[in-house]
Amino acid sequence: MDDTVLELRRISKHYPGHRAVDGISLRVPRGALYTLVGPSGCGKTTTLRLIAGFEEPTSGELLLNGSRIEHLRPYQRNLSTVFQNYALFPHLTVRGNIEFGLRRRGDRHIEEPVRRVLELLRIAGKESRYPHQLSGGERQRVALARSLVLAPEVLLLDEPLSALDPQLRKQVRAELKNIQRGVGITFLMVTHDQEEALSVSDHIAVMNGGRLEQTGPPREIYLRPATRFTAGFLGAVNWIGGIGVRPESTRASTDAPPPEARSRQATVQSTTFLGNRYHVEVSFDGGARAVCEVPRNSHLFSPGQDVHLWWREEDEMRFPDQ
Amino acid sequence: MRNSRWLPVYAAALYGFLHLPLAVLAVFSFNSSRFTRWEGFSFIWYKAAFADAQLAEATVNSLLIALSATLLAAAAGTLCAYGLWKRDSPWITASLYLSLVTPEIVMGISLLALYQWIFRYLAIQLGMHTVILAHVMFCTAYVVTVVSARLRSFDASLEEAAMDLGATEWQAFVRVTLPRLAPAVASAALLVFIVSFDDYVITSLVAGVDSETLPMVIYAMARKGFNPSVNAISTLIVVALGGLILVSNRIEGREAER
Amino acid sequence: MNRLRIWCLTPAGALLGGLFLIPLGITLAYSLMTRGPYGGVFSPFTWENYSRLADPLYAAILWRSALYAVTATTICLFMGFPLALFIARSGRRRNLYLSLVIVPFWTSFLVRTYAWMFLLRDTGLINSMLLAAGVIHQPLTLLYTPFAVILGLVYGYLPFMVLPIFATLERLDKSLVEASADLGAAPRATLRHVIIPLARPGIMAGSILVFISSLGAYLTPDLLGGGKTIMIGNLVQNQFTSARDWPFGAALSLILMLVVMGMLLPLRRQSGGML
């Protein structure tokens, strides 16, 4: 499946003295779980709101299935949003919330789709409760159900996991991906959490300062970031003489490294116990520092010790443009 | 923080100051004598008040005016608060504020001046309609104030969610915002009913011969000399309006808990 | 989105424009005209209506209005602050005590004023009781005195003072009071150096509300005061009814408006959004 369901063409949103979104172009493949990720204030939420129709773009085009939609009101777009705070209607029951969109559309047969979505999201039996009587996880599922029942072309999710407590978050993350696979609807998600983005997405777009830094599958952009920003945003990086190496690809040893490896001499500064592994912080002659991850059961280093820091050539990240 | 010893005593004295005059009035409305000396319990002044045709007509007028003004002001005020919530309009906000702080007498004579000026060109006269219009005008700002206060706690994302789910702007207002606003609107309506029912200063200036209201009759009776029927009717008014304000407070209190 | 908003604002906008701003404009125009022989207004423009305010007769009324308003405000402040403090500190009973202030405030202003007529008149309850007790042999003249007017103003507008002060005291961070005590301040010192300064916005708001309401009062001086206690409001009403001098009445109204605005606008910011 390579056809595009949603396309942004040089979309910009300028506020007085501030370019929230600055000429973004991207294509969302049909059926994908596509994630916009970036630090807070990078314009990702504004981009989502532009797509949903809550904001009007200053310039650029929005295409849904090839048709321009940027001039349409939110209710004229076959898109649906799961809000960060869920925005459940407090005066309506779970059923009232889920039926809301179907009724606005004037659908006659709403029993069956509502029953199916209640089952899919495991909230059957809670239809007559009000939002304030639900747990955080249940509220989120109602918000999802309310949008999914309309079978939108694209489901937009604004930081869908941020309102959940950390323990629940990982569980829901997996569930979200299962649901997306199950219903086959395109999900366009926004998050500031790079781990979340990497773990659930089929496709990631990294944003920074209102612009797109890079798009691609998670593996590709993590291992082959196109810019230093992307490399640093998606994970820790050791900057060694102009190239970048991830800590988990960096080794430290007292013995000589394998001949094919790249290596540098360094001095251990400190070690930090992290439960399942150690972080070893080392410094080079010039004062630059690097971190390598060492398994718990491997050789222990002590501060002041001289070590070889080494890595494989294929783990190097190079940024020729910068 | 605990209260010091003298503060409750002082507060009790002030509560006495606030409530005793009305309490005394109520007690003496049941006096069988027309003098301010207690001579026994009686309903004669209530009977006299109910038998008074002028009081009855004025009460009907006051109720008609207050009901119409309340309905119209509640509608105009709620819509206005909603419009201002969407995006503030400095002109309307400033005018509303100005209308709340303008002394009643100034508002009254300005309205009288307007009506007289219009009557030069149109063959109409002061009457119920001029009173109702005046009341709707000064009640609207109260409704806007109460409803706006409630709207301020509303999250704009609920309306966005409604539109996102296919509701038009109007449907989002009617189906999502208005139901949640209903208690505030009800509470505001009760308040402006009281304000309208009780108004004397503006009403007396813009009323015509057919639109004498209860406060106007009470005022005239109070000026004329002592008449215990005024005690009786006053007691009834205090009880009725006090009941309304308690209901309004209860609605607001319940909202605050949610 | 904009169209719905405009529809929503139209009714209130029309009401305010047609029945508030335009009438004020007409009043302004009248204040610059001359009185006609039968009470109408004529168009030669003049400042005369404003210069007449310097006439000792009218200046005395303006001065008296200001004096009564300031007196009533001061009394309300001394009565209202402790009451607000009491309510703010009354814990679970807070709402009850608050509604004991609010409920009489919202019941008929006219009836509340009338209640004082009932108490103060020569044959009223106070005089009857004092006579019966033998304390006095002639009824005291209580009604139709400056005392009665100021009493009525205080009684009528005390809640205007209590409510804003209560609002600031309620928001006052309790840990500040505890910190003050912890730093060695006795309750009186805490009151003076911590609570009152922090309650300033409420005190300002309350004082201004009581002052402008008292200054523009009509019913209170009309019912509780006599001919010697006329205030601006009564003078305005008089010009529009019996004296039939609309231009002068209009000028008086605008002066009253200007004083009210002049008090409110500069102090609005200082009151922390309470005005």
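Residues numbered from 1 in each chain as written. Chains lettered and ligands numbered in written order. Predicted model: local features only at pLDDT ≥ 70, side-chain atom pairs only at ≥ 80, totals over all residues.

Trainee: Would you mind going over the overall build of chain A in detail, with residue names and values included?
Mentor: When its secondary structure is counted, chain A shows 8 helices and 17 strands. Overall size of chain A, expressed as C-alpha extent along the three principal axes, is 75 × 45 × 40 Å. Buried positions account for 39% of the 322 residues belonging to chain A. (Helix = DSSP H or I, 4+ residues; strand = E, 2+ residues; numbered from the N terminus. Buried ≥ 20, exposed ≤ 12 C-beta atoms within 10 Å, placed from the backbone.)

Trainee: Outline the overall build of chain B, supporting the account with residue identities and numerical values.
Mentor: Helix and strand counts for chain B come out as 11 helices and 0 strands. Taken along the three principal axes of its C-alpha coordinates, chain B extends 70 × 65 × 30 Å. Across chain B, the fraction of contacts at a sequence separation of at least 24, relative to all contacts at a separation of at least 6, is 77%. (Contact = placed C-beta atoms within 7 Å.)

Trainee: So what's going on with the packing of helix 5 (residues 104–119) of chain B against helix 12 (residues 232–240) of chain C? Which residues, and what values?
Mentor: Here helix 5 of chain B crosses helix 12 of chain C at 15 degrees, and the two axes come no closer than 10 Å. By the angle between their directions, the pair helix 5 of chain B and helix 12 of chain C is classed as roughly parallel. Viewed along their axes, helix 5 of chain B and helix 12 of chain C form a crossing whose handedness is left-handed. For the pair helix 5 of chain B and helix 12 of chain C, contact is made by Ile105(B), Ile109(B) and Leu112(B) and by Gly233(C), Val236(C), Gln237(C) and Phe240(C), respectively. (Axes fitted to C-alpha atoms, helices over the stretch in contact; angles between N-to-C directions. Parallel < 35°, antiparallel > 145°, perpendicular 65-115°, else oblique. Left-handed = near helix turned anticlockwise from the far one by under 90°.)

Trainee: I'd like to hear about the interface of chain C and chain B, residue by residue, with values.
Mentor: Contact with chain C, which involves 70 residues of that partner, is made by 71 residues of chain B. If one sorts the elements of the side of chain C that touches chain B by residue count, helix 1 (residues 2–31) of chain C sits on top with 18 residues. Class assignment for the residues of the side of chain C that touches chain B results in 51 nonpolar, 14 polar and 5 charged. (Nonpolar A, V, L, I, M, F, W, Y, C, P; charged D, E, K, R; others polar.)

Trainee: Any chance you could break down the interface of chain B and chain A for me, citing the residues and the numbers?
Mentor: Each partner contributes to the interface: chain B provides 15 residues, whereas chain A provides 19 residues. Breaking the side of chain B that touches chain A down by element, the ones donating at least two residues are helix 7 (156–164) and helix 8 (169–198) of chain B. Looking at the side of chain B that touches chain A, its residues break down into 7 nonpolar, 4 polar and 4 charged.

Trainee: An account of the sheet that holds strand 6 (residues 79–82) of chain A is needed here, citing residue identities and associated values.
Mentor: All names here are of chain A. The mixed open sheet is built from 6 strands, whose spatial order is 6-7-8-3-9-10. With partners counted over all chains shown, the strands left at the sheet margins are strand 6 and strand 10 (211–216), one partner each. Across the sheet, the mean angle separating the axes of adjacent strands is 20 degrees when strand polarity is ignored. The sheet contact formed by strand 7 (residues 154–158) and strand 8 (residues 186–191) spans 5 bridges and is parallel. When the bridges of strand 8 are listed, Val154 appears paired with Thr186. Sitting on the sheet, helix 4 (residues 136–148) is in contact with strand 6 and strand 7, with an inclination near 175 degrees to strand 6. (Pairing = 2+ DSSP bridges.)

Trainee: Quick rundown of the nonpolar core? Include the residues and the values.
Mentor: Ranked by size, the top nonpolar core spans 163 residues in total, and within it Leu111(B), Val143(B), Val147(B), Ala188(B), Val192(B) and Ala84(C) carry the most contacts. Of all the elements, helix 7 (residues 146–171) of chain C adds the most residues to this core, at 16 residues. For this core, the domains that each give at least three residues are domain 1 (1–42) and domain 2 (52–257) of chain B. Setting aside residues no more than four positions away along its own chain, Val192(B) makes contact with Ala69(B), Thr70(B), Ala73(B), Ala74(B), Cys139(B), Tyr142(B) and Val143(B). By size, the runner-up hydrophobic cluster in this structure holds 76 residues, among which are Cys42(A), Leu156(A), Ile179(A) and Leu165(B). (Core = buried A, V, L, I, M, F, W, Y, C linked by C-beta atoms within 7 Å. Domains from an automatic or database assignment.)

Trainee: Would you mind going over the domain arrangement of chain A in detail, with residue names and values included?
Mentor: Domain annotation for chain A reports domain 1 (4–229) and domain 2 (238–315). Once you take the C-alpha centre of each, domain 1 of chain A and domain 2 of chain A turn out to be 40 Å apart.

Trainee: Can you lay out unusual backbone geometry for me, pointing to particular residues and giving the numbers?
Mentor: Residues and elements named next belong to chain A. Phi is positive for Arg10, which is not a glycine, with a value near 45 degrees. Along the chain, the position of Arg10 falls in strand 1 (residues 4–15). For Arg10, a count of 12 C-beta atoms within 10 Å translates into the label exposed. For Asn65, which is not glycine, the phi dihedral falls at a positive 50 degrees. Residue placement: Asn65 occurs in the loop between strand 4 (59–64) and strand 5 (67–68).

Trainee: A description of helix 5 (residues 166–183) of chain A should follow, citing residues and the corresponding values.
Mentor: Residues and elements named next belong to chain A. Spanning 18 residues, helix 5 covers 26 Å between terminal C-alpha atoms, matching the ideal 26 Å at 1.5 Å per step. What helix 5 keeps buried is the set Leu176, Ile179 and Gln180. Buried positions along helix 5 lie against strand 3 (33–37), strand 8 and helix 6 (194–200). Looking one or two residues past helix 5, Gly184 carries a phi angle of roughly 70 degrees, positive in sign. (Expected span 1.5 Å × (residues − 1).)

Trainee: Pulling in residues and values, what's your account of the domain arrangement of chain B?
Mentor: Residues and elements named next belong to chain B. Per the domain assignment, the segments of chain B are domain 1 (1–42) and domain 2 (52–257). Here the C-alpha centre of domain 2 lies 31 Å away from the C-alpha centre of domain 1. Listed as interface residues are 7 residues of domain 1 and, on the opposing side, 6 residues of domain 2. Partitioned by chemical class, the residues of the side of domain 1 that touches domain 2 number 4 nonpolar, 2 polar and 1 charged.

Trainee: Talk me through helix 2 (residues 94–105) of chain A; I want residue IDs and the actual numbers.
Mentor: Listing the buried residues of helix 2 of chain A in full gives Val94(A), Asn97(A), Ile98(A), Glu99(A), Phe100(A), Gly101(A) and Leu102(A). Looking at the packing, one finds that the buried side of helix 2 of chain A touches helix 3 (111–120) and helix 4 of chain A.

Trainee: Break down the sheet that holds strand 1 of chain A for me, citing the residues and quoting the values.
Mentor: All names here are of chain A. Spatial ordering of the open sheet is given by 2-1-4-5, a layout of 4 strands whose pairing is antiparallel. What marks the edges here is a single partner per strand, and that holds for strand 2 (18–29) and strand 5. Pairing between strand 1 and strand 4: 5 bridges, direction antiparallel. Each residue of the ladder has a partner; that of Ser12, found in strand 4, is Ser59. Along the sheet face, helix 1 (residues 44–52) touches strand 1, strand 2 and strand 4 and points at about 65 degrees away from the line of strand 2.

Trainee: Describe the environment of Arg180(B), naming the residues involved and giving the relevant values.
Mentor: Along the chain, Arg180(B) falls in helix 8. Along the chain, Arg180(B) and Leu151(B) lie 29 residues apart, while their C-alpha atoms are 9.3 Å from each other. In contact with Arg180(B), other than residues within four places in its own chain, are Pro90(A) and His91(A).

Trainee: Describe the environment of Leu110(C), with residues and values.
Mentor: Looking at where Leu110(C) falls in the secondary structure, it is placed in helix 5 (residues 109–120). Residue classification places Leu110(C) among the buried positions, given that 22 C-beta atoms sit within 10 Å. Linking Leu110(C) and Leu219(C), residues 109 residues apart in sequence, is a C-alpha distance of 7.5 Å. The contacts of Leu110(C), once residues within four sequence positions are left out, are Asp198(B), Tyr200(B), Pro215(B), Ile218(B), Tyr219(B) and Leu219(C).

Trainee: Go over the confidence of the model for chain B with me, naming the residues and quoting the values.
Mentor: Detailed conclusions should not be drawn from predicted coordinates in areas where pLDDT is low. Mean pLDDT over chain B: 91, with 97% of residues reaching 70 or higher. If you check the scores for this complex, the pTM reads 0.86 and the ipTM reads 0.91. (pLDDT = per-residue confidence, 0-100.)

Trainee: With reference to specific residues and values, describe the pairing of strand 6 of chain A.
Mentor: Residue and element names in this part refer to chain A. Because side chains alternate across strand 6, one face comprises the buried residues Leu79 and Thr81, and the other comprises Ser80 and Val82, equally buried. Note: strand 6 against strand 7, 4 bridges, orientation parallel. From the neighbouring strand, Ser80 faces strand 7, where its bridge partner is Leu155.

Trainee: Now, about the pairing of strand 17 (residues 306–311) of chain A: what can you tell me, with residues and values included?
Mentor: Strand direction decides the pairing type here: strand 13 (residues 251–253) of chain A and strand 17 of chain A, joined by 3 bridges, are antiparallel. Residue pairing across strands places Arg251(A) opposite Trp310(A), the latter belonging to strand 17 of chain A.

Trainee: Describe the packing of helix 1 (residues 6–28) of chain B against helix 3 (residues 56–88) of chain C, naming the residues involved and giving the relevant values.
Mentor: Where helix 1 of chain B contacts helix 3 of chain C, the two axes come as close as 9 Å, and the packing angle between them is 115 degrees. When you trace helix 1 of chain B past helix 3 of chain C, the crossing you get is left-handed. Two secondary-structure elements touch here, helix 1 of chain B through Leu7(B), Pro8(B), Tyr10(B), Ala11(B) and Leu14(B) and helix 3 of chain C through Met79(C), Pro82(C), Leu83(C), Leu85(C) and Phe86(C). A breakdown of the residues in the contact of helix 1 of chain B with helix 3 of chain C according to their chemical character gives 10 nonpolar, no polar and no charged.

Trainee: Which residues make up the environment of Leu198(A), and what values go with them?
Mentor: Residues and elements named next belong to chain A. Residue placement: Leu198 occurs in helix 6. In this structure Leu198 comes out as partly exposed when scored by C-beta crowding, with 18 C-beta atoms within 10 Å. For the pair formed by Leu198 and Val37, sequence separation is 161 residues and the distance between their alpha carbons is 9.5 Å. Once residues within four sequence positions are removed from consideration, Leu198 is found in contact with Pro218, Tyr222 and Leu234.

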